[in-house]
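Residues per chain, in single letters:
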Amino acid sequence: MTNSDAITHDVIIVGAGLAGSWAAMIAAEQGVRDVAVLSKLHPLRSHSGAAQGGIAAALNNVRPVAGTGPRGPLEQIPEGEEPVDSPELHMFDTIKGSDWLGDQDAIEILVNDAIDVIYQYEHMGCVFSRTPDGRIAQRRFGGHSAPRANFAADWTGHVLLHTIHEQALKHGVKFYSEWYVMDVIIEDNIVRGVVAINILTGEVHLLRAKAVMFATGGYGRAFKITSNAFANTGDGVAIAYDAGAPLMDMEFVQFHPTGLYRHGILMSEACRGEGGYLLNKDGERFMEKYAPDKMELAPRDLVSRSEQREIDEGRGVMEDGQAIWLDLRHLGREKIMERLPQVRELAIDFAGVDPIEEPVPIQPTAHYSMGGIPTDNNGQVIADAQGTPIVGFYAAGEVACVSVHGANRLGTNSLLEASVFGRRAGYAIAEFIKNGAKLHPVTGDPAERNRRMIQEMLDNPGKELVEDIAQELKATMTANCGIFRDDEKLKRALKDVRELQERFKHARVMDKSRRFNTDLLAALETKHLLTFSEVIVTGALNRTESRGAHARTDYPKRDDENWLKHTLARKGEDGRPELSYKDVTIFWDRFPPQERKY
Ligand SMILES: Cc1cc2nc3c(=O)[nH]c(=O)nc-3n(C[C@H](O)[C@H](O)[C@H](O)COP(=O)(O)OP(=O)(O)OC[C@H]3O[C@@H](n4cnc5c(N)ncnc54)[C@H](O)[C@@H]3O)c2cc1C
């Protein structure tokens, strides 16, 4: 297939989660007629739909009951009474949560657009939980100093995704469901299209477009215990990096404090937002020692480290001492059934424990990727620290790094980021197309190049099994590049990752057929895991400080003098990541760096 028989669209968006669907819907609504979304999963199976706890915005609908203290029960704010929350407070909490690595101009946009985005969801028919007088209900979440998590029981992502998907369909967006993108074509710093496999037929196609957006989500699957769906293999970051785009702040990987023991499946932070306790084997609410003020609702990096310390010092639960109790019993049946029905079902199905009757064993679980493809505040991908654009290339959502989360994300800020910056990317793309963007020619035959690569993988007689390589990668990333890191561990991780990259060259794909070849897809995904894991480890090894989710036992302090900067990684001539650094945008007169205490 050549340039002339490629599939063409004005806009191609890769990923049908909240970020991709928002961008597609807005671009179409703004008059771009030919918008296509490719998704390796059915769009409604995107990981956004698994989000449970909530989406942040300072709506000021509820407040703590007077005189009950910061952790007391909540009530709706009577009409005309003083607000307890503001975008400014949301901004400060986000900056503090990010350990001052978030770009403050982007964070300001996030918190200001938040309110409007929530009401837009509401007007599109999204079924939020409600206060008694019918306003959108809100709950507490870690690191937020007011109750600002807007939610629909513990199905928040599900209802948001269904709402926005319907709207995208209504505006005539074309969805390619179960198409796997494996390459992006960038020449002379201009994006030209993508190469994708139609999973059903196994055929490889070149798809050309004037604008391409990546909204491919996160990459928790590089770790053994993770809350992420099987599909969260970071294809987008690996493909962009291989095509010459930089990656930013990849060393910052968030561990969520409450994954189901041994499974990693998420017990939403809403469990603690609604008042759940964390207990060690002595029945002690140990967060008293680590965050006396915020307790269980300290930010995730701090709570995960505290749990790991309790476990490492012998105060864990279960036979191997590798878990902590999440105790919800005191919330009572009614509240659990109304607010946390999904969490209860997951605990019963996967741990055989009913949280109404018993505490649930949990452990920290790899959850969220703060790093990703660097963009400006309108989703435009940038090629360097000076902000040079890669023309026509956009990214938003978890695959991108804009950066609002810096070194650590606060819960509920991610559904918000995907919505706010997905929407902004949609407007920017519409503008770009309307200003006369062109379909640029493609040199050579990238589809054929990718077909040959697949054929070589299928023909490889090697003895290595893809699944073994993936498991070994996850084991070393968890043990050596997990919650606590040091020079020795990180060097071991780097050596392991590189050895596994070599072994992958001898990996055999068992299924040689064309149609629905999930074995081949798993091999491509494993290749992506190996690619970006090297970037995570290299960034972590170089960053000789502790900040947010990046905790080095050999450099336990934050070091603003040397490290108040973003990491940029680009694939070098020798195929290894080359690092450079980029300034953080800080409003020095409003939010100068402070010590981070909770
Ligand atoms: C269990 C869980 C609970 C969470 N709860 C919350 C919460 O309560 N609040 C909150 O703010 N955040 C939460 N998060 C985080 C949040 O859900 C995600 O960060 C956010 O939804 C990401 O949205 P996205 O649009 O960037 O990507 P996703 O929703 O992950 O979508 C990615 C899309 O990319 C497609 N794709 C990927 N690779 C390819 C490829 N190679 N070819 C074609 N298509 C591809 C996929 O098919 C999919 O459509 C949670 C995350 C998890 C895992």
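To start, this report covers the structure provided alongside it. Because the structure is predicted, anything quoted here is derived from the model rather than measured. All residue numbers refer to positions counted from 1 along the written sequence of the respective chain. Local features in a predicted model are, by the rule used here, given only for residues with pLDDT of at least 70; side-chain atom pairs are given and counted only at 80 or more, and totals for whole chains, interfaces and linings are based on all residues. Heavy atoms from the whole structure form the basis of all side-chain values; hydrogens and water molecules are not counted.

A short note on helix α8 (residues 300–312)
The criterion, for reference: Only runs of H or I of at least four residues qualify as helices and only runs of E of at least two qualify as strands under DSSP, and these elements are numbered from the N terminus. A helix is expected to reach a length of 1.5 Å times the quantity of its residues less one. Only protein chains enter the area calculation, which uses a 1.4 Å probe; residues under 20% of their type maximum are buried, those over 50% are exposed, and those in between are partly exposed.
The end-to-end C-alpha separation of α8 is 18 Å, in line with the 18 Å expected for 13 residues at 1.5 Å each. The element α8 is largely enclosed, with a buried count of 11 among its 13 residues. Along α8, the residues classified as buried are Arg300, Asp301, Leu302, Val303, Ser304, Arg305, Ser306, Glu307, Gln308, Glu310 and Ile311. One or two positions beyond α8, positive phi appears at Gly314, with a value near 90 degrees.

Let's talk about the site of the ligand
Filter applied, for reference: Note on definitions. A residue lies near a molecule or strand when any single heavy atom of the residue is within 4 Å of it. Polar contact criterion, stated in full: a pair of N or O atoms within 3.5 Å, where within protein one must be able to donate a hydrogen and the other to accept it, and residues adjacent in sequence count only if both atoms are side-chain atoms. All accessibility values rest on the Shrake-Rupley procedure with a 1.4 Å probe; residue burial counts only the protein chains present in the view.
Taken together, 37 residues are adjacent to the ligand, and Ser46, His47, Ser48, Glu398 and Ser414 come closest. Within the backbone of Ala16, a nitrogen or oxygen atom sits 2.8 Å from an oxygen atom of the ligand. Between the ligand and Ala215, the relevant distance is 3.4 Å, taken from an oxygen atom to a main-chain nitrogen or oxygen of the residue. Notes on the ligand: free accessible area 1000 Å², of which the protein chains cover 98%. Contributions of two or more residues to the shell around the ligand are made by α1 (18–29), β2 (35–39), β9 (179–187), β16 (360–369) and α11 (413–434).

Observations concerning the packing of helix α14 (residues 487–504) against helix α15 (residues 518–542)
Our working rule: The angle between two axes is taken between their N-to-C directions and runs from 0 to 180 degrees, where each axis is a line fitted to C-alpha atoms and a helix contributes only its stretch in contact. Under this scheme an angle from 65 to 115 degrees is roughly perpendicular, one under 35 degrees roughly parallel, and one over 145 degrees roughly antiparallel; angles in between are oblique. By convention, the crossing between two helices is left-handed when the near helix turns anticlockwise from the far helix through less than a right angle, and right-handed when the turn is clockwise. In this description, contact between two residues means that some pair of their heavy atoms is separated by no more than 4.5 Å. Residue polarity is assigned by list, with Asp, Glu, Lys and Arg as charged and Ala, Val, Leu, Ile, Met, Phe, Trp, Tyr, Cys and Pro as nonpolar; anything else, Gly included, falls into the polar class.
Between α14 and α15, whose axes approach to 9 Å, the crossing angle comes to 155 degrees. Between α14 and α15, the crossing angle belongs to the class labelled roughly antiparallel. Regarding α14 and α15, the two cross each other, and that crossing is left-handed. Contact residues: α14 offers Asp487, Leu490, Lys491, Ala493, Leu494, Val497, Arg498, Leu500, Gln501 and Phe504, while α15 offers Ala523, Thr526, Lys527, Leu530, Thr531, Ser533, Glu534, Val537, Thr538, Ala540 and Leu541. Each residue belonging to the contact of α14 with α15 can be placed in one class, and the counts come to 11 nonpolar, 5 polar and 5 charged.

Considerations on the sheet that holds strand β3 (residues 55–56)
Stated precisely, the cut-off is as follows: Two strands pair under a simple rule: DSSP has to find at least two bridges between them.
Here 3 strands make up an open sheet; going across it, the order is β3-β7-β6 and the pairing antiparallel. On the outer flanks of this sheet lie β3 and β6 (138–139), each paired with one strand and no other. Here β3 pairs with strand β7 (residues 149–150) via 2 bridges, running antiparallel. Residue pairing for β7: Ile55 is matched across the bridge by Asn150.

A look at the environment of Ala149
Looking at the secondary structure, you find Ala149 in strand β7. Along the chain, Ala149 and Ile55 lie 94 residues apart, while their C-alpha atoms are 5.2 Å from each other. For Ala149, the contacting residues outside a window of four places in its chain are Ile55, Ala137, Gln138, Arg139, Phe141 and Thr412.

A look at the packing of aromatic side chains
To be explicit about the condition: Pairing of aromatic rings covers Phe, Tyr and Trp, the last counted by its six-membered ring, and requires centre-to-centre distances within 6.5 Å; plane angles under 30 degrees mean stacked, over 60 mean edge-to-face, and any other angle means tilted.
Taken as a whole and assessed by the stated rule, the structure comprises 10 aromatic pairs. With centroids separated by 6.4 Å and ring planes inclined at 70 degrees, the aromatic side chains of Phe92 and Trp100 adopt a geometry described as edge-to-face. Residue Phe92 is classed as partly exposed on the basis of its relative accessible area, which comes to 22%. Consider the rings of Trp563 and Tyr581, whose centres lie 5.4 Å apart with planes at 75 degrees: the pair is edge-to-face. In this pair, Trp563 sits in helix α16 (residues 560–563) while Tyr581 sits in strand β26 (residues 577–583), placing the two residues 18 residues apart along the sequence. Judged by relative accessible area, Trp563 falls into the buried class, the value being 9%. Among the aromatic residues, ring-to-ring pairing joins Phe92, Trp100 and Phe591 into one connected group.

With respect to the side chain of His256
Looking at where His256 falls in the secondary structure, it is placed in strand β13 (residues 253–260). Side-chain polar atoms of His256 contact the backbone nitrogen of Thr258, separated by 3.1 Å. Sequence-distant contacts of His256, that is, excluding residues within four places in its chain, are made with Leu266, Met267, Ser268, Glu269, Arg272, Arg300, Ser304, Gln363, Pro364, Thr365 and His367.

Structural notes on the packing of helix α12 (residues 446–459) against α15
Put simply, α12 and α15 touch, their axes get as near as 11 Å, and they point 105 degrees apart. If you check the angle between α12 and α15, you find them roughly perpendicular. On α15, the residues that touch Met453, Ile454, Met457 and Leu458 of α12 are Leu520, Ala523, Leu524 and Lys527. When grouped by side-chain class, the residues that make up the contact of α12 with α15 number 7 nonpolar, no polar and 1 charged.

A few points about helix α4 (residues 156–170)
The first and last C-alpha atoms of α4 sit 22 Å apart over 15 residues, in line with the 21 Å expected at 1.5 Å per residue. Contacts from the buried residues of α4 go to α1, β3, α3 (104–123), β7, β8 (174–177) and α11. Just past α4, the residue Gly172 takes up positive phi, approximately 85 degrees.

Regarding the pattern of salt bridges
To be explicit about the condition: Should a side-chain nitrogen of Lys or Arg be within 4 Å of a carboxyl oxygen of Asp or Glu, the pair is scored as a salt bridge.
Counted according to the given criterion, the structure contains 49 salt bridges. Glu502 is the salt-bridge partner of Lys505, the closest N and O atoms lying 2.8 Å from each other. Residue Lys505 is classed as exposed on the basis of its relative accessible area, which comes to 52%. Linking Asp560 and Arg547 is a salt bridge whose minimum nitrogen-to-oxygen distance equals 2.8 Å. With Asp560 in helix α16 and Arg547 in the loop between α15 and β24 (551–552), this pair connects stretches of sequence that are 13 residues apart. We classify Asp560 as partly exposed; its relative accessible area is 27%. Judged by relative accessible area, which is 0%, Arg547 ranks as buried. Overlapping salt bridges bring together Asp99, Glu251, Asp301, Arg305, Arg543, Glu545, Arg547, Arg558, Asp560 and Arg596 as one network.

What about the nonpolar core?
To be explicit about the condition: Among buried residues, the Ala, Val, Leu, Ile, Met, Phe, Trp, Tyr and Cys ones that are joined through side-chain atoms within 4.5 Å form a nonpolar core.
Ranked by internal contacts, the top residues of the largest apolar core, which has 81 residues, are Leu38, Val184, Val194, Phe214, Ile373, Phe393 and Phe532. Element by element, the count of residues in this core is highest for α15, at 12 residues. Ignoring anything within four residues of it in the chain, the contact list for Val194 reads Ile12, Val14, Leu38, Val181, Asp183, Val184, Ile185, His205, Leu206, Leu207, Val212 and Phe214. Met25, Ala168, Met213 and Ile433 belong to the second-largest nonpolar core, a separate cluster that totals 71 residues.

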